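What follows is each chain in one-letter form.
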Amino acid sequence: MTQKIAFIGLGVMGFPMAGHLAKAGYQVTVYNRTMSKAKAWCAEYQGSYSETPAEAAKQADIVCCCVGNDDDLRQVTLGEQGAFAAMKPGAIFVDHTTTSAQVASELAQQAEHKQIVFFDAPVSGGQAGAENGQLTIMVGGAEQQFTEILPLLNCYARFVKLMGGIGSGQLTKMVNQICIAGVVQGLAEGMHFARSAELDVAAVIEVISKGAAQSWQMENRYQTMLAGEYNHGFAVDWMRKDLGIVLDEARRNQSHLPVTALVDQFYSEVQAMGGSRWDTSSLFAVLESKRKAT
Ligand code: NAP
């Protein structure tokens, strides 16, 4: 494949995503702030690394990015060694970071001045989805160039959808996080109650997962929650970042999200318990710790 791709940010998600592109035959140049990860990536996949985002981006037809938050994204795009200044006119920047819709609009405007096309394209599906190439990608941006990035996105996605203009990918991801927050808290409370009632929790889940209470969280997380294992999946620190973005946006668009706001507070209790890097199902640990305390 002749298209040149740069991939910025080789974290839990970016590392395998960039790997899928190399395996598909794209010419991939990676950049990671911590250089050792870029070197490790090049040892595992066919491709090269650069020492700055600008260097990685300057020859690229498409630049993909998956860093932490709004500020990180601003740094790798507009910072001193940022990608935007180096990208060629007509090149495309696809951002997979979960950010605010505001930063997507801000960067799309900056990109337009430089004749770069910007897409916000946050992902869902977690580490396993990234590794197995089974992510869901919600995209905001121009319909015309969407067809140009679709073959690339399909290398690591099982479903990709253009949601509308710039920012609509991030707004869709916010809906995703709102839905997850309520479902996980509901599951945690149900399991906590079942234990208090001295029911066999596994048997309860076996029955109710066949009915209307079934969910992905119930199918995939109940056993690890029961075992008190939270060292996998999407970290609480990231979830709090995402819920912060959601609640800011809700203030702007005047949505009422009482449960989401409450669950955000429960996640702050997980952090206070030392669970910043635990996964989102650790809401159960908060409830269980309260029972133990009484
Ligand atoms: P991660 O493992 O912490 O990786 C973050 C990446 O961003 C690392 O490569 C890090 O570089 C880089 N980075 C952070 N700040 C930077 C800066 N200022 N300049 C340059 N590079 C910077 O995070 P992740 O789990 O891959 O998540 C990445 C994004 O995807 C986040 O927005 C997250 O919310 C979203 N997401 C994650 C999941 C998940 O399950 N993990 C699922 C869906 C969406 P270093 O290596 O130098 O630290």
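Residues numbered from 1 in each chain as written. Predicted model: local features only at pLDDT ≥ 70, side-chain atom pairs only at ≥ 80, totals over all residues. Heavy atoms only, no water.

As annotated in an unreviewed UniProt entry, the chain carries the name NAD(P)-dependent oxidoreductase and is attributed to Spartinivicinus marinus. Recorded under Sequence similarities (unreviewed entry), the UniProt text for the chain is reproduced unchanged: "Belongs to the HIBADH-related family." (UniProt positions renumbered as here; feature names shortened; annotations may be inferred.)

A count of helical and extended segments in the chain gives 14 helices and nine strands. Taking the principal axes of its C-alpha atoms as reference, the chain extends roughly 65 × 45 × 35 Å. A burial count over the chain gives 48% of its 294 residues as buried. Once local pairs closer than 6 in sequence are excluded, the contacts in the chain between residues at least 24 apart make up 65%. Accessible area of the chain: about 13900 Å², with a carbon and sulfur share of 51%. Here the chain contributes 23 positive and 29 negative side-chain charges, whose respective centroids are spaced 2 Å apart. (Helix = DSSP H or I, 4+ residues; strand = E, 2+ residues; numbered from the N terminus. Buried < 20%, exposed > 50% of the residue type's maximum accessible area, 1.4 Å probe, protein only. Contact = heavy atoms within 4.5 Å. Areas by Shrake-Rupley, 256 points an atom, 1.4 Å probe, with all protein chains shown as cover. Lys, Arg positive; Asp, Glu negative; His and termini not counted. Charge placed at Lys NZ, Arg CZ, Asp CG, Glu CD.)

Around the ligand, 24 residues are found, and the nearest of them are Asn32, Thr34, Lys37, Gly68 and Lys241. At a separation of 3.2 Å, an oxygen atom of the ligand approaches a polar backbone atom of leucine 10. Within the contact set of the ligand, a nitrogen atom lies 3.2 Å away from a side-chain nitrogen or oxygen of aspartate 72. In isolation the ligand exposes 900 Å². Once the protein is present, 90% of that is buried. At the level of secondary structure, the elements contributing two or more residues to the shell around the ligand comprise helix H4 (70-78), helix H7 (126-132) and helix H12 (236-253). For the shell around the ligand, the leading source of residues is H4, giving three residues. Two domains each provide a minimum of three residues to the shell around the ligand, namely domain 1 (4-165) and domain 2 (171-293). (Near = heavy atom within 4 Å. Polar contact = N/O pair within 3.5 Å; in protein donor to acceptor, adjacent residues only side chain to side chain. Domains from an automatic or database assignment.)

What follows is about the nonpolar core. Counting 35 residues, the largest nonpolar core has Phe7, Ile137 and Tyr156 as its most contacted members. Leu187, Val236, Leu243 and Val263 belong to the second largest nonpolar core, which has 24 residues in total. (Core = buried A, V, L, I, M, F, W, Y, C linked by side-chain atoms within 4.5 Å.)

Structurally, glutamine 185 can be placed in helix H9 (residues 168-196). Beyond its immediate stretch of four places on either side in the chain, glutamine 185 contacts Val263, Phe266, Leu283 and Leu287.

With that settled, consider the pattern of salt bridges. This structure, assessed with the given rule, holds 12 salt bridges. One salt bridge in this structure joins aspartate 242 and lysine 241, with 3.1 Å as the shortest N-O distance. Sharing partners across several salt bridges, the network here consists of Asp71, Arg74 and Glu106. (Salt bridge = Lys/Arg side-chain N within 4 Å of Asp/Glu carboxyl O.)

Attention shifts here to the environment of phenylalanine 159. Take phenylalanine 159: it is sitting in strand E9 (residues 157-164). Sequence separation between phenylalanine 159 and isoleucine 245 is 86 residues; the distance between their C-alpha atoms is 24 Å. Each residue touching phenylalanine 159, except ones within four places of it in the same chain, is listed here: Leu135, Thr136 and Ile137.

It is at 11 Å that the axes of helix H1 (residues 14-23) and helix H2 (residues 35-44) come closest, and there the two elements cross at 35°. Two packed elements cross with a definite hand, and for H1 against H2 that hand is right-handed. Packed against H1, whose contacting residues are Phe15, Ala18, Gly19 and Ala22, the element H2 presents Lys37, Ala40, Trp41 and Glu44 at the interface. Here the contact of H1 with H2 is composed, by residue class, of five nonpolar, one polar and two charged. (Axes fitted to C-alpha atoms, helices over the stretch in contact; angles between N-to-C directions. Left-handed = near helix turned anticlockwise from the far one by under 90°. Nonpolar A, V, L, I, M, F, W, Y, C, P; charged D, E, K, R; others polar.)

This next bit is on the pairing of strand E2 (residues 27-31). Extensive coverage of E2 is indicated by the burial of four of its five residues. As judged from the five bridges shared by strand E1 (residues 4-8) and E2, these two strands associate in the parallel manner. Paired with lysine 4 across the bridge in E2 is glutamine 27. For the crossover from E1 across H1 to E2, the handedness is right-handed. Alignment of E2 against strand E3 (residues 48-49), held across two bridges, turns out to be parallel. Across the sheet, threonine 29 pairs through a bridge with serine 48, a residue of E3. Following the chain from E2 across H2 to the adjacent parallel E3, one finds a crossover that is right-handed. (Pairing = 2+ DSSP bridges. Right-handed = clockwise from strand over helix to strand, strands pointing away.)

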